[in-house]
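# Architecture and fold: a report
Each chain, written out:
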Amino acid sequence: SGSGLIVSFGEMLIDFVPTVSGVSLAEAPGFLKAPGGAPANVAIAVSRLGGRAAFVGKLGDDEFGRMLEGIVKENGVDASGIRFDQGARTALAFVTLRADGEREFMFYRNPSADMLLKPEELDLDLIRSAKIFHYGSISLIVEPCRSAHIKAMDEAKKAGVLLSYDPNLRLPLWPSANEAREQIKSIWNKADIIKVSDEELKFLTQKDKVDDENAMSLWHDGLKLLLVTLGEQGCRYYTKNFRGCVDPFKVKAVDTTGAGDSFVGALLSKIVDDQSVLQDEKKLRDILRFANACGAITTTKKGAIPALPTEADVAALIKA
Ligand code: ADP
């Protein structure tokens, strides 16, 4: 199609998910392989909706890495910016939603290939050719990939590419909460569009509730759009000139993995060809309704990538 390119940058990995739900990792009788990694999910979300996306990141030169590259390609996402590390293995995550509602994570990253992406391995032409550059890595402080991430963002910004950011906070991966806050804010201040969950907003502001004052305390001059996702309560949006909430769709959720990524992919796929929505509240609300629908649909099936919707799936939910 004639739409602008969205480059999504960060890690792609394999989630090992227990074959039965509601158990801790230690209790799991076995695991299913689910491709994931928030930035990869976003790229595939865009493509499934008919948009043009590229995924940029590094994988291990192993069976998991080849499997993930295959999934990127099968889904119509440009894989030319993917690099393969000859030494390190593809990142793996063991993830479960326990019966007490807490998510438990364990990562294989010592180090995994994604952490070893070097600045000189970036395809800068690809990055500069994007309309939107989306950044969502969980490895913000790990070298050498940190330098590659900063370089990619700075080059994109210099080329006039719109910068989108999702912090994807995984607190156990950070040495301390303060370090996480500081580092996330350093990227925050470069971004044009930011999406956070209500939990991340609370963490960043160190306040217990999500309200306009809290959200706006994180505003910065260059920011064009701040979104706070609220799970089954929909989302809030903030721009310089207007703010509000958009109601969710009622669905029967079975697995919320990837809902936020689906939301982001949907949003970016609509903004990429019409940035005027950032100044037009009515248009923006329509897009956020669409993004809420995408998030909702993603919760109705197990896994992230298999649950990402097409335009037809969204149309069916909106009409229902
Ligand atoms: P994140 O992964 O960022 O925490 P959320 O879980 O808030 O993302 O989901 C993103 C969006 O998906 C929400 O803003 C909402 O529109 C939709 N969504 C998520 N969970 C549900 C649900 N249980 N029912 C309806 N919509 C949902």
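Residues numbered from 1 in each chain as written. Predicted model: local features only at pLDDT ≥ 70, side-chain atom pairs only at ≥ 80, totals over all residues.

### Things to note about the overall build of the protein chain
For the protein chain, the count of helices and strands is 10 helices and 13 strands. Relative to its length of 320 residues, the protein chain is compact, with a C-alpha radius of gyration of 18 Å against a globular reference of 20 Å. The principal-axis extents of the C-alpha atoms in the protein chain amount to approximately 50 × 45 × 40 Å. When each of the 320 residues of the protein chain is scored for burial, the buried share is 45%. (Helix = DSSP H or I, 4+ residues; strand = E, 2+ residues; numbered from the N terminus. Rg over C-alpha atoms; globule rule 2.2 N^0.38 Å. Buried ≥ 20, exposed ≤ 12 C-beta atoms within 10 Å, placed from the backbone.)

### What to know about the packing of helix 8 (residues 259–271) against helix 9 (residues 281–298)
Packing of helix 8 against helix 9 brings their axes to within 8 Å, and their N-to-C directions diverge by 150°. As far as their axial angle goes, helix 9 and helix 8 are roughly antiparallel. Along this stretch, helix 8 crosses helix 9, giving a crossing that reads as right-handed. Residue-level contacts link Ala259, Gly260, Ser262, Phe263, Ala266, Leu267 and Lys270 of helix 8 to Ile287, Phe290, Ala291, Cys294, Gly295 and Thr298 of helix 9. (Axes fitted to C-alpha atoms, helices over the stretch in contact; angles between N-to-C directions. Parallel < 35°, antiparallel > 145°, perpendicular 65-115°, else oblique. Left-handed = near helix turned anticlockwise from the far one by under 90°. Contact = placed C-beta atoms within 7 Å.)

### Focus on the sheet that holds strand 1 (residues 5–9)
Read across the open sheet, the 9 strands follow the order 5-4-1-8-9-10-11-12-13; overall the sheet is mixed. Of all the strands in the sheet, just strand 5 (82–85) and strand 13 (243–246) have a single pairing partner and so form its edges. Going from strand to strand, the sheet's axes swing by 15° on average, the running direction of each strand aside. In the sheet, strand 1 pairs with strand 8 (residues 132–135) via 4 bridges, with the strands oriented parallel. Across the sheet, the residue bridging to valine 7 is phenylalanine 133, located in strand 8. Relative to strand 10 (residues 193–197), helix 6 (residues 198–205) is tilted by about 100°, and along the sheet it contacts strand 10 and strand 11 (225–229). (Pairing = 2+ DSSP bridges.)

### Remarks on the site of the ligand
Lining the immediate surroundings of the ligand are 19 residues, of which Ser197, Thr229, Gly260, Asn292 and Gly295 lie closest. Mapped by element, the contributors of at least two residues to the shell around the ligand are helix 8 and helix 9. (Near = placed C-beta within 6 Å.)

### Considering the pairing of strand 7 (residues 103–108)
One face of the sheet, then the other: side chains in a regular strand alternate in exactly this way. Of the strand pairs in this sheet, strand 6 (residues 92–97) and strand 7 are connected by 6 bridges, and their pairing is antiparallel. Within strand 7, the residue paired with valine 95 across the bridge is phenylalanine 105. Here strand 6 folds back onto strand 7, and the loop between the two strands holds 5 residues, one of which, glycine 101, carries a positive phi near 90°.

### Focus: the packing of helix 1 (residues 38–48) against helix 8
The interhelical angle for the contact between helix 1 and helix 8, taken along N-to-C directions, is 45°, at an axis separation of 8 Å. Viewed along their axes, helix 1 and helix 8 adopt a mutual orientation that is oblique. The element helix 1 and its partner helix 8 pack so that their crossing is right-handed. Contacts between helix 1 and helix 8 involve Ala38, Asn41, Val42, Ala45 and Val46 on the former and, on the latter, Asp261, Ser262, Val264, Gly265, Ala266, Leu268 and Ser269.

### Focus: the pairing of strand 4 (residues 52–60)
Of all 9 residues that make up strand 4, 9 are buried, and the element is covered over most of its length. Residues Arg52, Ala54, Val56, Lys58 and Gly60 point to one face of strand 4 and Ala53, Phe55, Gly57 and Leu59 to the other, with burial holding for every one of them. For strand 1 and strand 4, the ladder comprises 5 bridges, and the chain directions are parallel. Residue pairing across strands places valine 7 opposite alanine 54, the latter belonging to strand 4. In the sheet, strand 4 pairs with strand 5 via 4 bridges, with the strands oriented parallel. Following the sheet pairing, lysine 58 is matched in strand 5 by arginine 83. Assessed by its sense of winding, the connection that carries the chain from strand 4 through helix 2 (residues 63–74) to strand 5 is right-handed. (Right-handed = clockwise from strand over helix to strand, strands pointing away.)

### Considerations on the UniProt feature "domain: Carbohydrate kinase PfkB" (unreviewed entry) in the protein chain
The feature "domain: Carbohydrate kinase PfkB" (unreviewed entry), as given by UniProt, occupies residues 5–310 in the numbering adopted here. With 32% helix and 22% strand, residues 5–310 has its two end C-alpha atoms placed 18 Å apart. (UniProt positions renumbered as here; feature names shortened; annotations may be inferred.)

### Structural notes on the sheet that holds strand 7
A sheet is described by the order of its strands in space; here 4 strands give the open sequence 3-2-6-7, paired in mixed fashion. Edge positions in the open sheet fall to strand 3 (31–36) and strand 7, since each of these has one partner strand only. The mean inter-strand angle of the sheet, taken between neighbouring strand axes irrespective of direction, is 25°. As judged from the 3 bridges shared by strand 2 (residues 13–18) and strand 6, these two strands associate in the parallel manner. Bridge assignment links phenylalanine 16 to a residue of strand 6, and that residue is phenylalanine 94.

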